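Chain residues, written in single-letter form:
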Amino acid sequence: MTTPVSHQPPPAPLASLETSLRDYLENHEGLVRISKPVKLDDIGALSAQVDDPILFENIVGRPGFRLTDIHVKNRRNQARAIGTTPADYLRSLAYRLRQPPTPFAMVEKGPAREVVLKGDEVDLSALPIPRHKEGDKYPYITATNLVRDPETGFYNSCNAGTTVVGRQRGLISIVTAHTNIIMQKYAARGHKRMPIAMMVGVPPAYEIMANYSGLHMDMWGEIDMVGTIMGKPIEMMPAETIDLLVPAQAEMIIEGYVRLDERFEVGEVTSPSKYYLPQREWIPEFIPAAITMREDRPIWRNHQTCPDTDHQTLPRLCHEAILYNRLTEMGLQVKDVRFPSWGGALSCIIQFDYRHDGFVNDALMATMGAPWLNTKIVVAVSPDTNIEDAGAVYHAIASRCDPETDIIRVPKTRGSLYDPSARSLPEEFYPFRLSGKMGIDATIKRRQDSADFRPAYPVNWGQVRLSDYL
Ligand SMILES: [Mn+2]
């Protein structure tokens, strides 16, 4: 018997994986390069039409800056981001997340500090920051940030959207539990503000790791693991005005503070489920202290938040890898785990082969019971279903699932704050919600006759092309 592929170490990351975003984009096959002038307000709608990294080189009113987006929307580019192939991607990320952190390569000063703006020179409104949707009054910063736990010294990272309401004032939406815990630690120590650094324009592996969500705060920070998933140490340097380390190879760093003493209402949230949800938030102020950047046309990294962009995939890539590990631990031959962008970040598809009855419901329950609030509807499919194709997954549900026996429903579970169908909880818990969950077994089952599932195709399907006859 051969060792299952899930129990063999995957290949190491490619040594050629670029250490800066500009080199990464320059070498990227399929980069969509836009040299014509583009208005800031058109950048979101244009970005959301591509599947590959896009680079705007000529932004009206913002000469000297470039802008990029859509780095990890599909498996091909996710694999590229961590220096592997699409076939090896999921098990490689899953494997590297089980490895230890990689110490930084410390430098005094890197390219991210070739230009330093401080004091009155700091002007967020001069940066090439787009508005994200029709209802937005203000530009929206989506950069990945770094904060330090004052108790352990470990860093934490997340992508907290910051609404730019003035030259030196933003309102920062910190929704992740870890950064909120760290803010409470600063407040409990009598601090009125928390230092924070936004890292703008880093290779996509940094952002994949920054969106990790698991038990780690007592052991390492997400930034400590970036070198592990890239297969080489990352360069870090001291920030200009705050006591934090920042990535030396970034395009730009925005340093500053989150004020801990007051909150302000905003109502322009874009949920990954593609709605204006939650309808309102009370969030703290971000006050910038310095902007440092590269000298040669620094690249702003935007994460357009709607409709189908990195916003649906990026926060869930480590989730998929963690679920891959859990399901593999069950003895399943996992082929893929996906939070498809067409599932509104509320649904997960798990794909595997299994030996006998019983595995599917355990796999569905493990996934439905994930730590995050995005596994409301879980669909299990067999390896022959094309997981990339919403139609094929729907066909598997329609033709392989008997609702009488192949659906699990669980009442009263934690709903997503981004799910308009979930019930509201009492006001004190706003914006959290309550919802049921559903697991759908759309695999081919033992009780069924496998010959019933032989797909029918025309003679010479895939051999003859219509275009040859037009
Ligand atoms: Mn964290």
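Bear in mind that the values here come from a model prediction, so they are computed numbers and not experimental data.

1. Some points on the sheet that holds strand β4 (residues 105–106)
Stage number 1. Taken in spatial order, the three strands make up an open sheet running β4-β12-β13, and their pairing is mixed. Across the chains shown, the open sheet's two edge strands, defined by having one partner strand only, are β4 and β13 (245–247).
Stage number 2. Inspection of the sheet shows strand β12 (residues 235–238) paired to β13 by three bridges, in the antiparallel sense. Residue pairing in the sheet places Pro 238 in a bridge with Leu 245 of β13.

2. Digging into empty space enclosed by the protein
Stage number 1. A full pass over the atoms with the stated rule returns three cavities of 30 Å³ or more.
Stage number 2. Looking at the largest cavity, its volume works out to about 60 Å³.
Stage number 3. Contributing to the lining of the largest cavity are Leu 346, Trp 372, Leu 373, Asn 374, Thr 375, Lys 376, Arg 414, Gly 415, Ser 416, Asp 419, Ser 435 and Lys 437.
Stage number 4. Those elements giving two or more residues to the lining of the largest cavity turn out to be β22 (407–415) and β24 (433–442).
Stage number 5. Classifying every residue of the lining of the largest cavity gives three nonpolar, five polar and four charged.
Stage number 6. Put simply, the second largest cavity is a space of about 50 Å³.
Stage number 7. If you trace the second largest cavity, you find it lined by Tyr 140, Gly 161, Thr 163, Ser 173, Val 266, Glu 268, Val 269, Glu 281 and Ile 283.
Stage number 8. Secondary-structure elements contributing two or more residues to the lining of the second largest cavity are β9 (161–166) and β16 (281–283).
Stage number 9. When the residues that make up the lining of the second largest cavity are grouped by side-chain class, the tally is four nonpolar, three polar and two charged.

3. Some thoughts on the domain arrangement of the protein chain
The parts lose accessible area when they come together, and the size of an interface is often stated as this lost area.
Stage number 1. Domain parsing of the protein chain yields domain 1 (5–313) and domain 2 (330–445).
Stage number 2. With 17 residues of domain 1 at the interface, the matching set in domain 2 holds 19 residues.
Stage number 3. Summed over both partners, the interface of domain 1 with domain 2 buries about 1,500 Å², with 57% contributed by carbon and sulfur atoms.
Stage number 4. Taken together, domain 1 and domain 2 are joined by two salt bridges.
Stage number 5. Across the salt bridge formed by Arg 280 and Glu 427, the nearest N and O atoms sit 3.5 Å from each other.
Stage number 6. Viewed at the interface, domain 2 and domain 1 are joined by eight residue pairs in polar contact (both at pLDDT 80 or more).

4. Notes on the pattern of salt bridges
Stage number 1. Under the criterion given, the structure shown has 37 salt bridges.
Stage number 2. Among the salt bridges present, the one from Glu 18 reaches Arg 80, with a minimum N-O distance of 3.0 Å. Highlighted residues: Glu 18 in the segment before α1 (21–26) and Arg 80 in helix α3 (residues 75–81), separated in sequence by 62 residues.
Stage number 3. Its relative accessible area of 21% is what places Arg 80 among the partly exposed residues.
Stage number 4. With a closest N to O distance of 3.0 Å, Asp 41 and Arg 131 form a salt bridge. Remark: Arg 131 occurs in the loop between β5 (115–118) and β6 (140–141) and Asp 41 occurs in the loop between β1 (32–34) and α2 (43–47); sequence separation between them is 90 residues.
Stage number 5. Connected through salt bridges with shared partners, the residues Arg 22, Glu 251, Arg 294, Asp 296 and Arg 297 form a single ionic network.

5. Overview of the coordination of the manganese ion
Stage number 1. Protein-derived ligands of the manganese ion are Asn 156 (OD1), His 178 (ND1), His 216 (NE2) and Glu 222 (OE), with the metal-ligand distances lying across 2.1 to 2.3 Å.
Stage number 2. Donor residues binding the manganese ion come from one chain and are separated in sequence as N-x21-H-x37-H-x5-E. Separated by 60 residues along the polypeptide, Asn 156 in strand β8 (residues 155–159) and His 216 in the loop between α6 (204–210) and α7 (226–230) bring together distant segments of the chain.

6. A short note on the sheet that holds strand β18 (residues 299–301)
Stage number 1. Across the sheet, which stays open at both edges, the four strands sit in the order β1-β2-β3-β18 with mixed pairing between neighbours. The two strands at the open ends of the sheet, each matched to only one other strand, are β1 and β18. Strand-to-strand twist across the sheet, computed as the mean angle between neighbouring axes with direction ignored, equals 20 degrees.
Stage number 2. Bridge count for strand β3 (residues 66–69) against β18 is three bridges, and the pairing is parallel. Note that in β18 the partner of Thr 68 across the bridge is Arg 301.

What counts, and where the lines are drawn
Residues numbered from 1 in each chain as written. Predicted model: local features only at pLDDT ≥ 70, side-chain atom pairs only at ≥ 80, totals over all residues. Heavy atoms only, no water. Pairing = 2+ DSSP bridges. Helix = DSSP H or I, 4+ residues; strand = E, 2+ residues; numbered from the N terminus. 1 Å grid on protein atoms, 1.4 Å probe; cavity = no way out; pocket = protein on both sides within 12 Å on 5 of 7 lines; lining within 4 Å. Points joined across faces, edges and corners; volume = space filled by probe spheres on them. Nonpolar A, V, L, I, M, F, W, Y, C, P; charged D, E, K, R; others polar. Domains from an automatic or database assignment. Contact = heavy atoms within 4.5 Å. Buried area = accessible area lost by both parts, 1.4 Å probe. Salt bridge = Lys/Arg side-chain N within 4 Å of Asp/Glu carboxyl O. Polar contact = N/O pair within 3.5 Å; in protein donor to acceptor, adjacent residues only side chain to side chain. Buried < 20%, exposed > 50% of the residue type's maximum accessible area, 1.4 Å probe, protein only. Donors = N, O, S within 2.8 Å, 3.2 Å for Na, K, Ca; no water. Axes fitted to C-alpha atoms, helices over the stretch in contact; angles between N-to-C directions.

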